[in-house]
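# Examination of the molecular architecture
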Amino acid sequence: MADSQSQRWKGYMGIGGVGLIFAAAYLQQSLQLPLGRLSQPGAAVFPLIVGTIMALASLLTVWEGWRLARHEMVEWPIGEDRRRLLWLIAIMVGYVATLPWAGQVIGSILFCMLLMRILSRLSWLRIAAYSLVLSGALYWVFIILLKVPMPRGVLGF
Amino acid sequence: MSAIDGLLYGLGIALSYQNLLAAFLGALAGTAIGVLPGLGPTAGIALILPISYAFGPETGIIMMASMLYGAMYGGSTTGILLNMPGESSSVVTCIDGYQLTKKGRAGAVLCIVAAGSFIGGTVSIVGVTLFAPTLAQIGILFGPAELFALTAGGLLMLSRITGGTLAAGILPMSIGLMISTIGQEAVTGVNRFTFGFNYLSQGIDLVALVVGLYGLAEMMNVVESLRAQPEPIRVRLREMLPNREEWRRSWAPFGRGTVLGFVFGLLPGPSSTLGSFASYRLEKEVSRYKHEIGKGAIEGVAGPETANNAAATSLMVPLLGLGIPFNSAMALMLAALMVHGVQPGPLLMTMHPEVFWAVIASMLIGNAMLVVLNVPLIGIWVSLLRIPKHVFLPLILLLAVIGAYSVRNSLLDVYVLLMLGGLGYVLRRYSFHLAPMVVGAVLGPLIEKHLREGLYMSQGDIAVFYDSPIALAIWMVVLLVIALPGIQAAYSRVFGRRHIKLSAASEE
């Protein structure tokens, strides 16, 4: 599948711009912290230095973006590849969002089933079987054996 | 304690059942991670970070170091058999390794790789044994100002040496430093950038950060470019023995790769990758069979593979001797030691000799274990390549979520994992480097500590940071490294133009 392209310089300018906004907000927050004296520096001193470095690094990124050749491209997925990637993101976000009430077991079974469906042409029956085995193995290793207290959800597991 | 006594003392500790098991499991998991696409050694080490907290510092670091070597070896297996490098350090191995596989020599090449990795790693351990204590003795002379120069300067150098544009290293480094300031401040106990969330007072968890940046971002790449993978060839044990000619041609590259890899491991940046590329270039220059390199010559595999393992070992010198990690994996080891109250650096040998010597001895054991694990079990590693992606991708993604959650039993860490996965994906697209971000997040608190100590001790005199000859020398080197590409560009602009003018004049 061919990739769609975007100009690298625009990406650099965008990343640098976002970095500048972050640096400004970070510096503004740092100024709320106790500054202390130079002989007894307060909690604000290091963040102020870091915020300034971040602002300079962001400006540098913008400047480098400005100087980049206009024909330099960054490739992004399109078509089926992009669809798969977006599905992965959606399934991951859905899994994490529903984890507190679905619980680790139900959540991971559903996560595996949906992701396998996106990544393969297997039948739902085989997908369900694989998902049960994978989630069961993880449940046994992490929750039973290593006693990791994963979220249990409304059904209690 | 002499080096021999220390090594024997370390072997006594490393040969305990618990540490041997840690080395075995680390090498096993590392090889699997190296063979399978997606996770990579850094994210793999991050995932075992919480497990390592449950054991002593030496056991934890033995497991992590074995995992790193295992991943190096496993990455080469896919490169040789499928022309798909598992790790960046195996990229050059693919060139001749895959050509030799097509000629039916896959087994022999894998055996040469195992031998080269063992030799490179073992000789490099001797270097570490001799070099780290010397470096530690120099390190004892360091006060807060020198340590500040070393940590802050080392971080700057790392972000410059990783390659690409200046911003490609400096911007991620700044983000890493910003992340390191989130949470309760160590001296005054003031909460910084927590926005009222008590939970954030513990800071951003390193596992979520690294697994998100490296693991999740890489998974997104794998899912996006899902392709039918070529079927790996079956390698039988009896095909593993190289012939006499292959052995004869490998000894010199083993030697050159070891020296080159060891030196590269002492430098900041992706040492294993740079070491393997440099070794390949060297073989192309000096080998008697240089005309064959690129078309399937054993030298093109033996040298780079020896170099990448030697570099992975000598990377321990700056970590153990100075307490400075030169890449993300070493930063994680530093973090693991610090959780146990062990501060790597000049005083490590005197304060915690058991950790120092156990790590050195475990590297020997880990290297031997890799040969034992990889040569006879190559069939199993090859069969891992047959696991369909729709099975192992959900498994690894679930492991990433469980790993991030399990450290502090917090969903916030899982949210951080997702966000940093997205950030890592975008930054990598634009060729920004992620290692300076991880090292920045780990070194941030240390840099702040040395900065504050320096200012306290000098009563606020900033000159303390460049007054001492050692600090000044470190800053000069840092400045040189940062400015070098600019100087080179200016030189080639001025003299290159002059050269063109002169040649034009002579032609006229």
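Residues numbered from 1 in each chain as written. Chains lettered and ligands numbered in written order. Predicted model: local features only at pLDDT ≥ 70, side-chain atom pairs only at ≥ 80, totals over all residues. Heavy atoms only, no water.

## Brief notes about the overall build of chain A
To keep things clear, this is the line we draw: A run of DSSP states H or I qualifies as a helix once it reaches four residues; a run of E qualifies as a strand once it reaches two. Both are numbered from the N-terminal end. Any residue under 20% of the maximum accessible area for its type is buried, any over 50% is exposed, and the rest in between are partly exposed; the area is computed with a 1.4 Å probe on protein chains only. Charge counting treats Lys and Arg as positive and Asp and Glu as negative, with His and both chain ends excluded. A charge is said to be at NZ when it belongs to Lys, at CZ for Arg, at CG for Asp and at CD for Glu.
From N to C terminus, chain A includes four helices and four strands. Reading the secondary structure of chain A in the N-to-C direction produces β-α-β-β-α-β-α-α. With respect to the three principal axes, the spread of C-alpha positions in chain A is 65 × 50 × 20 Å. With 157 residues in all, chain A has 44% of them scored as buried. Counting 13 positive and 6 negative side-chain charges, chain A places the averaged centre of each group 12 Å from the other.

## Let's talk about the nonpolar core
What counts, and what does not: Among buried residues, those of type Ala, Val, Leu, Ile, Met, Phe, Trp, Tyr and Cys that are joined through side-chain atoms within 4.5 Å constitute a nonpolar core. Residue contacts follow a heavy-atom distance rule, with two residues in contact if any of their heavy atoms lie within 4.5 Å.
Counting residues in hydrophobic clusters, the biggest one holds 169 residues, and the most contacted among them are Met316 and Met333 of chain B. Per-element tally for this core: the top contributor is helix H3 (residues 79-119) of chain A, with 16 residues. Residue contacts for methionine 316 of chain B: discarding those within four places in its chain leaves Ala65, Gly321, Met330, Met333, Val359 and Met363 of chain B. Ranked by size, the runner-up nonpolar core spans 27 residues in total, among them Leu110, Ala115, Ile378 and Leu384 of chain B.

## Here we look at the packing of aromatic side chains
We apply this condition: Any two of the Phe, Tyr and Trp rings considered here, Trp counted by its six-membered ring, make a pair once their centres fall within 6.5 Å; the pair's planes then place it as stacked at under 30 degrees, edge-to-face at over 60, or tilted in between. Here, a charge over a ring is recorded when the distance from Lys NZ or Arg CZ to the ring centre is within 6 Å and its angle to the ring normal is within 35 degrees.
For the structure shown, the criterion picks out 10 aromatic pairs over all chains. Clustering of aromatic rings is evident, with ring pairs tying together Trp76 of chain A together with Tyr425 and Tyr430 of chain B. Above the ring of tryptophan 66 of chain A, the side-chain terminus of arginine 70 of chain A is found at 5.4 Å from the ring centroid. Geometry around tryptophan 76 of chain A places arginine 429 of chain B over its ring, the cationic atom sitting 5.6 Å from the centre.

## Let's talk about helix H20 (residues 435-457) of chain B
Residues and elements named next belong to chain B. The criterion, for reference: Expected span, for any helix, means 1.5 Å times one less than how many residues it has. In this scheme, the bend at a residue equals the angle between the axes fitted to the seven residues that finish there and the seven that begin there.
Spanning 23 residues, H20 covers 32 Å between terminal C-alpha atoms, matching the ideal 33 Å at 1.5 Å per step. Of all the bends in H20, the greatest reaches close to 45° and is centred on leucine 443; the proline proline 445 follows between one and four positions later. Here H20 lies mainly inside the structure; 18 of its 23 residues are buried. Two residues or fewer after H20 comes glutamine 459, characterised by a positive phi angle close to 55°.

## Thoughts on the packing of H3 of chain A against helix H18 (residues 389-408) of chain B
Using the following cut-off: Lines fitted to C-alpha atoms define the axes here, with helix axes fitted over just the stretch in contact, and angles between the N-to-C directions of these axes take values from 0 to 180 degrees. Working rule for angles: under 35 degrees goes down as roughly parallel, over 145 as roughly antiparallel, 65 to 115 as roughly perpendicular, anything else as oblique. Two helices cross in a left-handed way if the nearer one is turned anticlockwise from the farther one by less than a right angle. They cross in a right-handed way if the turn is clockwise. Amino acids outside the nonpolar list (Ala, Val, Leu, Ile, Met, Phe, Trp, Tyr, Cys, Pro) and the charged list (Asp, Glu, Lys, Arg) are all regarded as polar, and Gly is one of them.
Two elements in contact, H3 of chain A and H18 of chain B, have axes whose closest approach is 9 Å; the angle formed by their N-to-C orientations is 155°. Considering their axes alone, H3 of chain A and H18 of chain B lie roughly antiparallel with respect to each other. Relative to H18 of chain B, H3 of chain A is oriented so that their crossing is right-handed. Of the residues in H18 of chain B, those in contact with Leu88, Met92, Tyr95, Leu99, Gln104, Ser108, Phe111, Cys112, Leu115, Met116 and Leu119 of chain A of H3 of chain A are Lys389, His390, Leu393, Pro394, Leu397, Leu398, Val401 and Ile402 of chain B. Across the contact of H3 of chain A with H18 of chain B, the residue classes tally to 15 nonpolar, three polar and one charged.

## Thoughts on the confidence of the model for chain B
Residues and elements named next belong to chain B. Here is the rule we go by: The pLDDT value expresses, per residue, how confident the predictor is, ranging between 0 and 100.
When pLDDT is averaged across chain B, the result is 85; 95% of the residues are at 70 or more. Element-level pLDDT for chain B is lowest in helix H22 (residues 469-507), with a mean of 76, against a maximum mean of 95 in helix H8 (residues 166-180). Interface scoring of the predicted complex returns ipTM 0.93; its pTM is 0.85.

## A word on the pattern of salt bridges
Residue and element names in this part refer to chain B. Short version of the rule: Any Lys or Arg side-chain nitrogen found within 4 Å of a carboxyl oxygen on Asp or Glu counts as a salt bridge.
Evaluated as defined, the whole model comprises 15 salt bridges over all chains. The shortest N-O distance in the salt bridge between arginine 428 and glutamate 218 comes to 2.3 Å. One end of the pair, arginine 428, is in helix H19 (residues 411-429); the other, glutamate 218, is in helix H9 (residues 206-224), and 210 residues separate them in sequence. Several salt bridges converge on common partners, so that one network encompasses Glu185, Arg192, Glu448 and Arg452.

## Notes on the interface of chain A and chain B
Formally: Defined in terms of a 1.4 Å probe, buried area is the accessible area two parts forfeit on being brought together, summed over both.
If you look at the interface, chain A gives 61 residues, while chain B gives 62 residues. If you sort the residues of chain A by the area they bury against chain B, Ile15, Phe46 and Leu119 of chain A come out on top, with a joint share of 12%. At the boundary of chain A and chain B, one finds zero salt bridges. Going through the elements one at a time, helix H1 (8-30), strand S3 (40-41), helix H2 (45-67), strand S4 (73-77), H3 and helix H4 (124-145) of chain A are the ones with two or more residues in the side of chain A that touches chain B. It is H3 of chain A that provides the largest number of residues to the side of chain A that touches chain B, a total of 18 residues.

## Topic: unusual backbone geometry
Here the phi dihedral of asparagine 409 of chain B falls at roughly 50°; this positive angle occurs in a residue that is not glycine. Note that asparagine 409 of chain B resides in the loop between H18 and H19.

## Section: the environment of alanine 145 of chain B
Residues and elements named next belong to chain B. On the secondary structure map, alanine 145 appears in helix H7 (residues 144-161). Here alanine 145 falls in the buried class, since its relative accessible area comes to 6%. With 323 residues separating them in the primary sequence, alanine 145 and serine 468 have C-alpha atoms 8.0 Å apart. Once you skip the residues sitting within four places of it in the chain, alanine 145 turns out to touch Val464, Phe465 and Ala471.

## What to know about the packing of H7 of chain B against H20 of chain B
Residue and element names in this part refer to chain B. Two elements in contact, H7 and H20, have axes whose closest approach is 8 Å; the angle formed by their N-to-C orientations is 155°. Relative to H20, the element H7 is oriented roughly antiparallel. When you trace H7 past H20, the crossing you get is left-handed. Of H20, the residues touching H7 (which contributes Pro144, Leu147, Phe148, Thr151, Ala152, Leu155, Leu158 and Ser159) are Ala435, Pro436, Val439, Gly440, Leu443, Ile447, His450, Leu451, Glu453, Gly454 and Met457. Here the residues of the contact of H7 with H20 sort into 13 nonpolar, five polar and one charged.

## A few points about the side chain of serine 362 of chain B
When you line up the elements, serine 362 of chain B lands in helix H16 (residues 353-374). Overall, serine 362 of chain B belongs to the buried group, its relative accessible area being 4%.

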